[in-house]
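Secondary and tertiary structure notes
As a plain string of letters, each chain reads:
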Amino acid sequence: MSLARTTAVLFALLCCAWFALSARQAHDVAVADSIVSAKPPLTATQVRRATDSLNAAASLNPDLEVDVLRGELAIDQGHLAQARRILFGVIRREPKFLTAWQQYARASIHDPVAFYAAQIGIRRLVRLFPPR
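Summary of the structure given here. (Residues numbered from 1 in each chain as written. Predicted model: local features only at pLDDT ≥ 70, side-chain atom pairs only at ≥ 80, totals over all residues. Heavy atoms only, no water.)

Counting its secondary structure elements, the protein contains six helices and zero strands. Shown N-terminal to C-terminal, the secondary structure of the protein runs as helices and strands in the order α-α-α-α-α-α. The globule rule puts the C-alpha radius of gyration for 132 residues at 14 Å, and the 19 Å found for the protein is more than 25% above it. In terms of its C-alpha atoms, the protein occupies a principal-axis envelope of roughly 70 × 40 × 25 Å. By element, 63% of the accessible surface of the protein is carried by carbon and sulfur atoms, the whole surface being about 8,700 Å². The protein carries 16 positive and 10 negative side-chain charges, and their two centres are separated by 4 Å. (Helix = DSSP H or I, 4+ residues; strand = E, 2+ residues; numbered from the N terminus. Rg over C-alpha atoms; globule rule 2.2 N^0.38 Å. Areas by Shrake-Rupley, 256 points an atom, 1.4 Å probe, with all protein chains shown as cover. Lys, Arg positive; Asp, Glu negative; His and termini not counted. Charge placed at Lys NZ, Arg CZ, Asp CG, Glu CD.)

Structure follows, in structure tokens:
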């Protein structure tokens, strides 16, 4: 009976830890999103805080939103090639992620081929999922 009880307590503790980690990751994503969504130019402190929050949120997080925010942060810093690499990785893994396509287009403003490809991707998604 005590082995079953010990196992149940350990399982409950593991579930609590997982929930706490998920809550922390959601908070870190929200912090990074609020910084990245702020009106540019971002200060060095804001960039560092957003980067730290995204790094913390990425642990055990399969969500691609973290990478999209990294791409947006790279765009805001003027690192367009880096942003395209990050966002293209997201698009390759999740081709129906409209925000990734939009940010890829934003990062491709000086690359006509990539910009045109992004526009095609966006139009294809809008046709598949028309606004209501």
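So much for the structure itself; the text now carries on.
Another aspect to go through is the nonpolar core. Among the nonpolar cores identified, the biggest contains 18 residues, and Ile-75, Leu-87, Trp-101 and Tyr-104 are the most heavily contacted of them. Only helix H3 (65-76), helix H4 (80-93), helix H5 (98-107) and helix H6 (112-128) provide two or more residues apiece to this core. When near neighbours in sequence (up to four residues on either side) are disregarded, Ile-75 contacts Leu-80, Ala-83, Leu-87, Gln-103, Arg-106 and Ala-107. Within the second largest apolar cluster, 13 residues are counted, among which are Ala-32, Ile-35, Leu-42 and Ala-50. (Core = buried A, V, L, I, M, F, W, Y, C linked by side-chain atoms within 4.5 Å. Buried < 20%, exposed > 50% of the residue type's maximum accessible area, 1.4 Å probe, protein only. Contact = heavy atoms within 4.5 Å.)

It is at 9 Å that the axes of H4 and H5 come closest, and there the two elements cross at 155°. Here H5 runs roughly antiparallel to H4, going by the angle between their axes. Here the hand of the crossing between H4 and H5 comes out left-handed. Touching Leu-80, Ala-83, Arg-84, Leu-87, Phe-88, Val-90 and Ile-91 of H4 are Ala-100, Trp-101, Gln-103, Tyr-104 and Ala-107, all from H5. Class assignment of the residues belonging to the contact of H4 with H5 gives a composition of 10 nonpolar, one polar and one charged. (Axes fitted to C-alpha atoms, helices over the stretch in contact; angles between N-to-C directions. Parallel < 35°, antiparallel > 145°, perpendicular 65-115°, else oblique. Left-handed = near helix turned anticlockwise from the far one by under 90°. Nonpolar A, V, L, I, M, F, W, Y, C, P; charged D, E, K, R; others polar.)

A cluster of basic residues, Lys-96, Arg-123, Arg-124 and Arg-127, forms a positive patch at the surface. When you line up the elements, Arg-123 lands in helix H6. (Patch = residues over 30% accessible without salt bridge, like charges linked within 9 Å, V, L, I, M, F, W, Y side chains within 5 Å. Salt bridge = Lys/Arg side-chain N within 4 Å of Asp/Glu carboxyl O.)

With respect to the helices and strands, Lys-96 occurs in the loop between H4 and H5. Owing to a relative accessible area of 52%, Lys-96 belongs among the exposed residues under this scheme. Measuring from C-alpha to C-alpha, the distance between Lys-96 and Ile-122 comes to 8.9 Å, with 26 residues separating the pair along the chain. The contact partners of Lys-96, leaving out residues within four places of it in the chain, are Leu-125 and Phe-129.

Moving on to the pattern of salt bridges. Within this structure, the stated rule accounts for five salt bridges. Of the charged contacts, one joins Asp-67 and Arg-93 as a salt bridge, the two residues approaching to 2.7 Å between their closest N and O atoms. Here Asp-67 is found in helix H3, whereas its partner Arg-93 is found in helix H4, with 26 residues between them in sequence. In this structure, the salt-bridge partner of Arg-84 is Asp-111, at a minimum N-O distance of 3.9 Å. In this pair, Arg-84 is assigned in helix H4 and Asp-111 in the loop between H5 and H6, connecting sequence segments 27 residues apart.

Treat this as a map of the structure, not an account of what it does.
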